[in-house]
There are 2 protein chains.
Amino acid sequence: MSAQRILCPRLRQRIMDADAAAALIPAGANVGMSGFTGAGYPKAVPQALAARMRAHHDHGEADRISIWTGASTAPELDGALAEVDGIELRLPYQSDPVCRQKINEGRMEYIDIHLSHVAPYAWAGFFGKLDVAVIEVAGITEQGELIPSSSIGNNKTWIDLADRVILEVNHGQSAGLDGMHDVYYGTALPPHRQPIPLTGPQQRIGERYLHCPPEKIIAVVETNAPDRNSRFSEPDEASRRIAGHLLEFFSREVDAGRLPANLLPLQSGVGNIANAVLAGLADGPFENLTAYTEVLQDGMLSLLKSGKLASASATAFSLSPDANRDLAEHIDFYRDRIVLRPQEISNHPEVIRRLGVIAMNGMIEADLYGNVNSTHVMGTRIMNGIGGSGDFARNGYLSVFMTPSTAKEGAISTIVPMVSHVDHTEHDVQIVVTEQGLADLRGLPPRERARRIIEHCAHPDFRPRLLDYFERASASGRGLHTPHLLSEALSWHERYEQTGRM
Amino acid sequence: MSAQRILCPRLRQRIMDADAAAALIPAGANVGMSGFTGAGYPKAVPQALAARMRAHHDHGEADRISIWTGASTAPELDGALAEVDGIELRLPYQSDPVCRQKINEGRMEYIDIHLSHVAPYAWAGFFGKLDVAVIEVAGITEQGELIPSSSIGNNKTWIDLADRVILEVNHGQSAGLDGMHDVYYGTALPPHRQPIPLTGPQQRIGERYLHCPPEKIIAVVETNAPDRNSRFSEPDEASRRIAGHLLEFFSREVDAGRLPANLLPLQSGVGNIANAVLAGLADGPFENLTAYTEVLQDGMLSLLKSGKLASASATAFSLSPDANRDLAEHIDFYRDRIVLRPQEISNHPEVIRRLGVIAMNGMIEADLYGNVNSTHVMGTRIMNGIGGSGDFARNGYLSVFMTPSTAKEGAISTIVPMVSHVDHTEHDVQIVVTEQGLADLRGLPPRERARRIIEHCAHPDFRPRLLDYFERASASGRGLHTPHLLSEALSWHERYEQTGRM
Ligand SMILES: CC(C)(COP(=O)(O)OP(=O)(O)OC[C@H]1O[C@@H](n2cnc3c(N)ncnc32)[C@H](O)[C@@H]1OP(=O)(O)O)[C@@H](O)C(=O)NCCC(=O)NCCS
Ligand SMILES: CC(C)(COP(=O)(O)OP(=O)(O)OC[C@H]1O[C@@H](n2cnc3c(N)ncnc32)[C@H](O)[C@@H]1OP(=O)(O)O)[C@@H](O)C(=O)NCCC(=O)NCCS
C-alpha cells in the first residue's frame, strides 16, 4: 500500500504505527495539527496519544498538550483528546461538543483568534515555541515533497515552525487532489513582507506541494479513513427564506449598479443557511460566479457542476459522503476549477479587500445597533469561535450576518437590546438577515439602524418589546447617539438564564 | 496675492468670495470637505455657509447639509455649522464639542466609520451621491493641478466623486509643502483592484498633485489662515509612566527577538499619552525608527530632527504653532523625510499589515477580557469616533491601547467588568497599558487575561472590586470561558450615572 503513496525512500524508513509516533510527542508540548472544518485532520496519532494520556492519567501522571490547528477538526482529534482531559490549551477555533463543554467548565483553556492572525502570530513567536507538527497528507513524492490533503489550513506554518514533524499519509484521500493546491511560500515577518500577488480567485501564486526538510520528519503513519463527512441536510424553511431575502437584495444591488452582474467573489460559512444560499444561487439569475472562501461544502460543488460558479478558492473541503464521492469521481473537472490555499492566504485581509469579497456568515445574535455576537451563548459560554468571520466581515465589499430570528423553539430572540458579547462591531456589520427580512444598515446612523433591525429582522413575538426598549432608552435622558438602558441592556439574557425564556 | 498661488489662468477666473462660493452649495447636499485632525480644512466657505444657514433658519427655512470629511476638523468648520444646526448627517469622525453635544442630544446624525472604509464605501455608492467637494489646497499650478495642503485625507476621493468642486487656496499654508505629498491614483472598485505597491513608509507610489477637471471647479476662494494649531502641553505624570511601561516592553521584545532593534513602523494617536511616548522614544535607546501613521504631531518632528526617526508617513499634520513655524522654517529637511498620503493608503489594512505597524492608540475603557471601548462614554454618548484605531489595531504587528487607569479625578475606573460599548474586540487587543503597568495579553485565554489586566492595569482603588467581580463570576455556575455576572456587568456604569462615582 505504501508503495503508491510514499514514494520517497528515505521517508519510507520512517513508517511506524500510530502508537510509536504518538510516543514521540512529549507531554507538555505545543503541537500544531492539520485540520480545518473536519477535513484533513490526522486520524490515528491523536487517538493513539489519547490512549497514552488516559493510561498516564490513570496512574496519576500529568500528560497534556497544547493544540494549534487550522480550525475545527473532528471527534477523532478534538473529541478524543478532550475526552481524556489531554488538552491544556486549544487554539484558534473548535466546534467539538466535548471540547466546548470542558472549556465552558473551565477545564480546558481556549484562545479564540481571527484565522488570519494565527500564522503571523505564530511566526512572531506570540504563542511560544511550536514543538511538534502532526500533519495529514495525501501522499509523499519521490523527492519527499508533501501532497496536501483535503485541507491546507496552517500546515505550511506548522511544518516550517516545528522542530519535529509527524506525517499521516491517508490512503483514503483522493489521489487526484494532487495539483489542486497552491501553497504560497512568499510570506515573511515584517519588515520583509511583500505584496501578495493574488488578484483573482482562481489565480495560482504558489507551489503544488508542501516542503519539509526530511530530517525533521520523525514519523510517517499510514491511515485509510474518510474525513468526518457530516451528512448534508436539506435547507429548512427559515434558511430558505433567509436565502431568498439575500438573493433579492443582490438583484437590487446589481440593478442599482452597486454590484457587477456576476456579483463578486462569495465567501460563506457552512451549515444550513449557507446551503440554502448556495441552493438559491443555483436557481437564481446570476452567472459566472466565483467564490473566495474558507470552506467548500456540498452546495459549492453543485454550483460548479451547474456552471453557475466558474471557480472557487478555499482552504478546505467540508463535504457529505455523497459529495465526497462526487468529488473523487470528477476530480479532473473540479481540479480545473478549485484552488486550495493556506488559510493565511484564503483569509488574508489584503486579498479579501482587494477581491471585494461578499462575506456571508452565521451569527448567534445581533443587537439594535448592528453589533454581532458570533461566539458566546449568554455572554459566558463559548459556542465555537470567531473563525474567519472577522477577516471577511471587516475586509469584504459587503458584510452580511444571518440567523433565524429566534432560537430554542422561540424561547430566545436573536435580536436583542445589547449583544452579550461582541465579535463584530457596529463598524463592521452592513447587512443583517433573518427569515423575517433583511436590514440594510449601510450609511445609517445608529438610531436608524435600530428601527430598521427591529422592523425587518426581529420576530413579531419580540418586536414590540424591542421597540419599547428602544423608545424608553431614547427617552431616558442619557446619550442619544446610541440609546441604551444600562440596567436593562442585558436583562433579556439574564431572564433566559433564570426562566428559560427571554 | 493670487498671482503666487493660483497660476492657472482658467481657474483664476473662478475666484470669488466665500459667500458667493457658499451660495453654490444647495441645501440638502452631500458635501465632501477636506480636513483631518484640525489640518487642511476649508476655513472660509463653511463659515459663510453657516451664516447663510442661520439667516435661512431665522426665516423658518430648512438649510442643512450632510458633511463627509477626512476626520476631525476645527471650530471654523464643524463648530460653526453645528452651531447653526446646519449639519444633517456627519461622517466619518469628529471631535468637536458642539457637534458632540448635538449628536448626543439626538439633533445631528453621525455615522462613525473605520477611516479605511470611507473611500471604498463612498466609491461603492453606499453613502449615496456626493454633490459638492470643498477642498483646501496650498496652491494651483499653471496646468491647473492642485497642491495639497497640510492634510490629504479623502480629498482625492471627494474631488473625483463630486459633481462640483470648490477650492480654498490657503496662502497661510507653507508653499514648501509642495512635493511632500504622494497621491496614489491606483485604487479601483472590485473586481479591478490591484496590489498597492507600497513596501516601506518612505516609498512614493503616487503623484505629487491632486487632479481635477477644471470644468468641475465652480469656485476658487482665497484664504490666509493657520490651521487650528492646538497648543502643545507637556506630558503629565500618568502619561510619562504609561510611556515608560511601553518603552520597557519594547526593549524586552527586542531582547527576545520579537522586534527588530529599530522596532517597526510606529502608529500613534494624538494627545498627551502619544506625546509622552514620542518624548520617551527621543530619550530612549532605539535608532533609525520609522513611522507609518495618520497624524504627525509635534513629537514626530522632534524625533525626525534628532535623527532618531528616519522617516514618517501620514495623512495629516497636527502641530502646535511653534512646531508649525519649525516645519515652515526647515521645510526642505522635513520634505525629505515626510510623505503625506491619502487616508485610504495611510490606513489601508493591506499596507498596515504588510509593514507590520506598531499600533498605539488611546481608549476610553477596557474590560477584564481585553475588549476596548474607544468611542462611547457610559455606553450611550459618543466622544469622538473610532477613527483609524481599528485599521491599525486589527492589522498591526502589535496592537496597544493606553489610558490612565482612572478618569474624572478617580471617580471612574477605566478598567471595568464589561465595557459599555465595544470598538475593538478581545480578538484585536494585545497590550493594555495604564500608569499602573502593562498587561501583555498575547497568547492568553480569557481568564488569564482578566487576572493580568486587574493586576497590572487597574487602579488600586478599584482592583479589589474587579477581582471580587471576577471571582464571583467564576463561581457563578455560568460559562467559565468568559465569566460574567450579566446583572452586574454594566452596573459600574449605571452607578456612575446615578451617583457620579463608579
Ligand atoms: C454562529 C454559529 C454558531 C451559528 O451556527 P449555525 O449552525 O449556523 O446555526 P444554528 O442555528 O444551527 O445554531 C447553532 C446552535 O446555536 C444555538 N443558538 C443560535 N442562536 C442562539 C442564541 N442567540 N442564543 C443561544 N443559542 C443560540 C442554536 O440553538 C443551536 O444550538 P444546538 O446546537 O444546541 O441546536 C456559527 O455560524 C459559528 O460558529 N460562527 C462563527 C464562526 C464563523 O462565522 N465561521 C464562518 C466562516 S469564516
Ligand atoms: C479614547 C480617546 C477619547 C481618549 O482621548 P485622550 O485625549 O487620549 O484622553 P483623555 O484622558 O484626555 O480623555 C478625554 C476625555 O474623555 C474622558 N474620559 C476618559 N476615559 C473615560 C471613561 N472611561 N469614562 C468617561 N470619560 C472618560 C476624560 O475625562 C476626558 O474628558 P474631558 O475632555 O471632559 O476632560 C481618544 O483617544 C479617541 O478619540 N480615540 C478614538 C480614535 C482614535 O483612536 N484615534 C487615534 C488614531 S487612529
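Data block above holds the structure.
Computed from a prediction, not measured in an experiment: that's the story for all the values here. (Residues numbered from 1 in each chain as written. Chains lettered and ligands numbered in written order. Predicted model: local features only at pLDDT ≥ 70, side-chain atom pairs only at ≥ 80, totals over all residues. Heavy atoms only, no water.)

Undergrad: How do you make sense of the nonpolar core when you look at a structure like this?
TA: One broad trend across soluble globular proteins is that nonpolar side chains are buried collectively. If you look at the biggest cluster of nonpolar residues, it comprises 156 residues, and the most contacted ones within it are Phe-250 of chain A together with Phe-250 of chain B. With residues near it in sequence (within four places) discarded, Phe-250 of chain A still touches Leu-259, Leu-263, Phe-286, Ile-358, Met-360 and Leu-398 of chain A. Within the second largest apolar cluster, 72 residues are counted, among which are Met-363 and Leu-490 of chain A together with Val-429 and Ala-439 of chain B. (Core = buried A, V, L, I, M, F, W, Y, C linked by side-chain atoms within 4.5 Å. Buried < 20%, exposed > 50% of the residue type's maximum accessible area, 1.4 Å probe, protein only. Contact = heavy atoms within 4.5 Å.)

Undergrad: Looking at this structure, I do not really get the relation of the copies chain A and chain B. What am I missing?
TA: Each of the two copies of the chain can be brought onto the other by a rotation about an axis and a shift along it. Each copy superposes on the other: chain A lies on chain B with an RMSD of 0.0 Å after a rotation of 180 degrees and an axial shift of 0.0 Å. Put plainly, the chains are arranged around a two-fold axis. For chain A, the minimum C-alpha distance to the rotation axis belongs to Glu-350 of chain A and amounts to 2.2 Å. A share of 100% of interface residues in chain A that are also interface residues in chain B marks the association as one of identical surfaces. (Least-squares fit on C-alpha atoms with pLDDT ≥ 70 in both.)

Undergrad: Mind showing me how you'd approach the sheet that holds strand β16 (residues 365–367) of chain A here?
TA: Residues and elements named next belong to chain A. If you walk across this open sheet you meet the 3 strands as β17-β16-β23, and the pairing is mixed. Each edge of the sheet is formed by a strand with only one pairing partner; in this case those strands are β17 (372–373) and β23 (415–416). Judged from the 2 bridges that link them, β16 and β23 form a sheet pairing that is parallel. Residue pairing across strands places Asp-367 opposite Val-416, the latter belonging to β23. (Pairing = 2+ DSSP bridges. Helix = DSSP H or I, 4+ residues; strand = E, 2+ residues; numbered from the N terminus.)

Undergrad: It is not clear to me how the site of ligand 2 should be interpreted in this structure. Could you clarify?
TA: Residues and elements named next belong to chain B. For ligand 2, the set of nearby residues contains 21 residues, the closest of which are Glu-294, Ile-364, Met-383, Asn-384 and Lys-408. Here a nitrogen atom of ligand 2 and a backbone polar atom of Ile-364 are 2.8 Å apart. Within the contact set of ligand 2, an oxygen atom lies 2.7 Å away from a side-chain nitrogen or oxygen of Asn-384. Here ligand 2 loses 71% of its free accessible area of 950 Å² to cover by the protein chains. Considering only residue class, the shell around ligand 2 consists of 9 nonpolar, 10 polar and 2 charged. (Near = heavy atom within 4 Å. Polar contact = N/O pair within 3.5 Å; in protein donor to acceptor, adjacent residues only side chain to side chain. Areas by Shrake-Rupley, 256 points an atom, 1.4 Å probe, with all protein chains shown as cover. Nonpolar A, V, L, I, M, F, W, Y, C, P; charged D, E, K, R; others polar.)

Undergrad: Which parts of the structure should I look at to understand the interface of chain A and chain B?
TA: For interface size, the figure often reported is the accessible area lost on association. Contacts between the two partners involve 84 residues from chain A, matched on the other side by 84 residues from chain B. Summing the contributions of chain A and of chain B, the shared interface buries around 7,000 Å²; its carbon and sulfur component is 54%. The three residues of chain A that bury the most area against chain B are Arg-353, Arg-394 and His-427 of chain A, which together make up 12% of that side's buried surface. In this assembly, chain A and chain B are joined by 8 salt bridges. The tally of links between chain A and chain B comes to 34 residue pairs in polar contact (both at pLDDT 80 or more). Residue composition of the side of chain A that touches chain B, grouped by class: 34 nonpolar, 29 polar and 21 charged. (Buried area = accessible area lost by both parts, 1.4 Å probe. Salt bridge = Lys/Arg side-chain N within 4 Å of Asp/Glu carboxyl O.)

Undergrad: Whenever I open this one, unusual backbone geometry confuses me. Can you help?
TA: With the exception of glycine, most residues fall at negative phi, and the peptide bonds are largely trans. Of the consecutive residues Leu-91 of chain A and Pro-92 of chain A, the connecting peptide bond is found in the cis state with omega at -5 degrees. Secondary-structure assignment places Pro-92 of chain A in the loop between β3 (87–91) and α6 (97–104). Cis geometry marks the peptide bond from Pro-190 of chain B to Pro-191 of chain B, where omega comes out at 10 degrees. Of note, Pro-191 of chain B is situated in the loop between β7 (164–170) and β8 (217–223). Unlike most non-glycine residues, Leu-263 of chain A shows phi in positive territory, near 60 degrees. Among the secondary structure elements, Leu-263 of chain A is positioned in the loop between α9 (237–255) and β9 (266–268). Although it is not a glycine, Asp-85 of chain B sits at a positive phi angle of roughly 55 degrees. Assignment of secondary structure puts Asp-85 of chain B in the loop between α5 (75–83) and β3 (87–91). Take Asp-85 of chain B: its relative accessible area is 26%, and that puts it in the partly exposed class.

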